[in-house]
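# Commentary on secondary and tertiary structure
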Amino acid sequence: MKAIQVKEHGGPEKMMLEEVEIPTIDSSKVLVKMGASGVNFIDTYQRSGLYPVQLPLTLGMEGAGVVEKTGSDVKNFSQGDRVAFTGIPGAYAEYISAPADRLVHIPDGVSINEGAAAMLQGMTAHFLTRSTYPLKKGDTCLIHAAAGGVGLLMVQMAKMAGAHVIGTVSTDEKAALAKAAGADDIILYTQSDFEEEVSKLTDGKGVNVAYDSVGKATFDKSINCLQARGYMVLYGNASGPVTEFNPMTLMQKGSLFLTRPTLFSHIGDRESLEQRSKDVFQWIKEKKLHLRLEHNFPLSEAQEAHQSLEGRKTTGKVLLIP
Ligand code: NDP
């Protein structure tokens, strides 16, 4: 089968389309024929070496497809079932060997491409808006990169919860998309100072929570956008990691909370995985949650897909189609 492998860390050119063996399955696993693989920022961190991984590696942590074969102990899945997953390495490939307890069924009314697109970014938006800081009516939140994969989903989920949403984006086209997703106010943070704009938009009060996936370039100012006892939710490093922080700042700026959460500690047990994926799929079926699927690349063009994602050229989800 074909798979995208990384043998040494570096830029997108380090991803190679290789011919490798179809993976084997043991009694607890399922062989899935991939229909679509999700491209996520975490893949770029693993490729570059920002997040430590063992090489060589078949990249990719998310996808969806059809069950080809099941191990002898697998009870909940059968050949032909449509399934989706995240958190299983090796998704940029034609087949994946997946532990059955990490798979979920894709319900009727949700396509395979939607299944692949919903898992990592959808459940991330879910835990951030429902668990890390559970948004409620009357709250105001700041969402950076509001037209990105996670961003567009967070905007919609924040509006469902009744919050007022201030989004930041880099271009007018992205501003229009974030607005269409429900954002109340948009700041072009490449053209104006978002800290000043947030202060103006909130009459100097600040926001209850800042969801910051941009990291290095925005972190300090995001903290300055918070009201007393506000939540700084740093959940990504699109512009580079935040490496220095003095906890005293939290006191000085008004008893703030800082967290650096990851999806994988929010879907670690079967119940959480099922609950979060069920909510996300249900919202898609009910058309409360719209997935933007405008960036589909053939598996062989994984390099181009990463260049587009890292080059801020994409909006919504990026998929690789084997
Ligand atoms: P996005 O589609 O959001 O792409 C990243 C966006 O970040 C860009 O489109 C761009 O939007 C913005 N950005 C700002 N500065 C830069 C920069 N210097 N270089 C590149 N992009 C920049 O990606 P994803 O939805 O896949 O991921 C978004 C973030 O969420 C990532 O940081 C990722 O690590 C994080 N994440 C964290 C998870 C967790 O469990 N903690 C899980 C999933 C994602 P604009 O042009 O509008 O500025």
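What comes next concerns the included structure. Along each chain, residue indices are assigned from 1 in the same order as the chain's sequence is written. Reporting in this predicted model follows two pLDDT cut-offs: at least 70 for local features of residues, and 80 or more for side-chain atom pairs to be given and counted; totals over whole chains, interfaces and linings ignore these cut-offs and use all residues. By convention in this description, side-chain values take in all heavy atoms of the structure and omit both hydrogens and water.

What follows covers the pairing of strand S6 (residues 82-86). Buried, partly exposed and exposed residues are distinguished by accessible area as a fraction of the type maximum, computed with a 1.4 Å probe on protein chains only: under 20%, between the cut-offs, and over 50%, respectively. Working definition: helices are DSSP H or I runs of at least four residues, strands are E runs of at least two. Numbering for both runs from the N terminus. Judged by how many residues are buried, S6 sits mostly within the fold: 4 of 5 residues are covered. Two elements, strand S5 (residues 62-70) and S6, share 5 bridges in a ladder whose sense is antiparallel. When the bridges of S6 are listed, Gly 65 appears paired with Val 83. A pair of strands is considered paired only if DSSP assigns at least 2 bridges between the two. For S6 and strand S8 (residues 104-105), the ladder comprises 2 bridges, and the chain directions are antiparallel. The partner of Val 83 across the bridge, within S8, is His 105.

Our next topic: the site of the ligand. We call a residue near a molecule or strand when any one of its heavy atoms sits within 4 Å of it. Lining the immediate surroundings of the ligand are 28 residues, of which Ser 170, Lys 174, Tyr 189, Leu 263 and Arg 312 lie closest. Any pair of N or O atoms that falls within 3.5 Å is considered a polar contact. Within protein, one atom must be able to donate a hydrogen and the other to accept it, and sequence-neighbouring residues count only if both atoms are side-chain atoms. Taking Tyr 45, its side chain carries an N or O atom lying 2.8 Å from an oxygen atom of the ligand. Between the ligand and the protein, one listed contact pairs an oxygen atom with a backbone N or O atom of Leu 263 at 2.6 Å. Only the protein chains shown count as covering a residue, and every accessible area follows the Shrake-Rupley method with a 1.4 Å probe. Here the ligand, which alone exposes 900 Å², has 92% of that area covered by the protein. The element best represented in the shell around the ligand is helix H2 (residues 112-132), accounting for 3 residues. Tallied by class, the residues present in the shell around the ligand amount to 13 nonpolar, 11 polar and 4 charged. These domain limits were set by an automatic method or by a database of domain assignments. Residues lining the shell around the ligand come from more than one domain, with at least three contributed by each of domain 1 (2-121 + 269-321) and domain 2 (136-260). Charged means Asp, Glu, Lys or Arg here, nonpolar means Ala, Val, Leu, Ile, Met, Phe, Trp, Tyr, Cys or Pro, and polar covers whatever is left, Gly included.

Ordered in space as S11-S10-S9-S12-S13-S14, the 6 strands form an open sheet in which the pairing is parallel. The sheet is open, and its two edges are formed by strand S11 (185-188) and strand S14 (257-259), each paired on a single side. Pairs of neighbouring strands in the sheet enclose a mean axial angle of 15°, with direction left out of account. Here 4 bridges tie strand S9 (residues 140-143) to strand S10 (residues 164-169), and the two strands are oriented parallel to one another. Fitted lines through C-alpha atoms give the axes, limited to the stretch in contact for helices. The angle between two N-to-C directions lies from 0 to 180 degrees.

Let us look at the sheet that holds strand S4 (residues 57-58). Overall, antiparallel pairing links the 3 strands, which are arranged S2-S1-S4 in an open sheet. On the outer flanks of this sheet lie strand S2 (15-19) and S4, each paired with one strand and no other. Relative to S2, strand S1 (residues 2-6) runs antiparallel, the two sharing 5 bridges. Bridge pairing links Ile 4 to Leu 17 in S2.

Time to look at the packing of aromatic side chains. Aromatic rings from Phe, Tyr and Trp, with only the six-membered ring used for Trp, were paired whenever their centres fell within 6.5 Å, and each pair was classed as stacked if the ring planes differed by under 30 degrees, edge-to-face if by over 60, and tilted otherwise. In this structure the tally under the stated criterion is 5 aromatic pairs. Arranged with centres 5.5 Å apart and planes meeting at 85°, the rings of Phe 219 and Phe 245 form a pair that is edge-to-face. One end of the pair, Phe 219, is in helix H6 (residues 219-224); the other, Phe 245, is in the loop between strand S13 (226-234) and helix H7 (248-252), with 26 residues separating them in the sequence. Following the ring pairs from residue to residue traces out a cluster consisting of Phe 41, Tyr 45 and Tyr 51.

Cysteine sulfur atoms that pair up within 2.5 Å are treated as a disulfide. Under the counting rule described, the total for this entry stands at 0 disulfides. Its sulfur unpaired, Cys 141 is 12 Å from the next cysteine sulfur, which belongs to Cys 225. The exposure class of Cys 225 is buried, given its relative accessible area of 2%.

Another point: helix H3 (residues 149-160). Residue count minus one, scaled by 1.5 Å, sets the expected span of a helix. In a regular helix each residue adds 1.5 Å, so 12 residues correspond to 16 Å; H3 covers 18 Å between its end C-alpha atoms and thus fits that length. Of all the 12 residues making up H3, 10 are buried; the element is thus mostly covered by neighbouring parts of the structure. Within H3, burial applies to Gly 149, Val 150, Gly 151, Leu 152, Leu 153, Met 154, Val 155, Gln 156, Met 157 and Ala 158. The contact rule is simple, with two residues in contact once any of their heavy atoms fall within 4.5 Å. Its buried side turned inward, H3 meets H2, S9, S10, helix H4 (172-180), strand S12 (207-212) and helix H8 (270-285). Directly beyond the C-terminal end of H3, a positive phi value near 90° is found at Gly 162.

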